[in-house]
Amino acid sequence: MGLLKTALIGAAVYGAIKYVTKKDVNGRSIVDDLQDKAPEWADKAKRFKEDLEYKYKRTDDPYVDIKP
């Protein structure tokens, strides 16, 4: 049973990799598109993090404990 399970998982991983790296009519793959969009997504994530930090690290909140 373990051998069959391992073979099925291996076949699924192989199929997924083959699908993701397959070139379309323009000569681009899903991996290529992800690599192009990754810097933009990283910038958006950084801005989102900064917005959250600004929102939750305000000092005008009267319930924030001030440590000496």
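Report on the accompanying structure. Because the structure is predicted, anything quoted here is derived from the model rather than measured. (Residues numbered from 1 in each chain as written. Predicted model: local features only at pLDDT ≥ 70, side-chain atom pairs only at ≥ 80, totals over all residues. Heavy atoms only, no water.)

A short note on the overall build of the protein chain
Argument step 1. Scanning the protein chain for helices and strands turns up two helices and zero strands.
Argument step 2. Counting the 68 residues in the protein chain, one finds 3% classified as buried.
Argument step 3. Per element, the accessible surface of the protein chain, about 6,800 Å² overall, is 62% carbon and sulfur. (Helix = DSSP H or I, 4+ residues; strand = E, 2+ residues; numbered from the N terminus. Buried < 20%, exposed > 50% of the residue type's maximum accessible area, 1.4 Å probe, protein only. Areas by Shrake-Rupley, 256 points an atom, 1.4 Å probe, with all protein chains shown as cover.)

Things to note about a nonpolar patch on the surface
Argument step 1. On the surface, Y19, I30, L34 and W41 cluster together to form a nonpolar patch covering roughly 430 Å² of accessible area.
Argument step 2. If one sorts the elements of the nonpolar patch by residue count, helix α2 (residues 30-56) sits on top with three residues.
Argument step 3. Tracing the sequence through the fold places W41 in helix α2. (Patch = residues over 30% accessible without salt bridge, like charges linked within 9 Å, V, L, I, M, F, W, Y side chains within 5 Å. Salt bridge = Lys/Arg side-chain N within 4 Å of Asp/Glu carboxyl O.)

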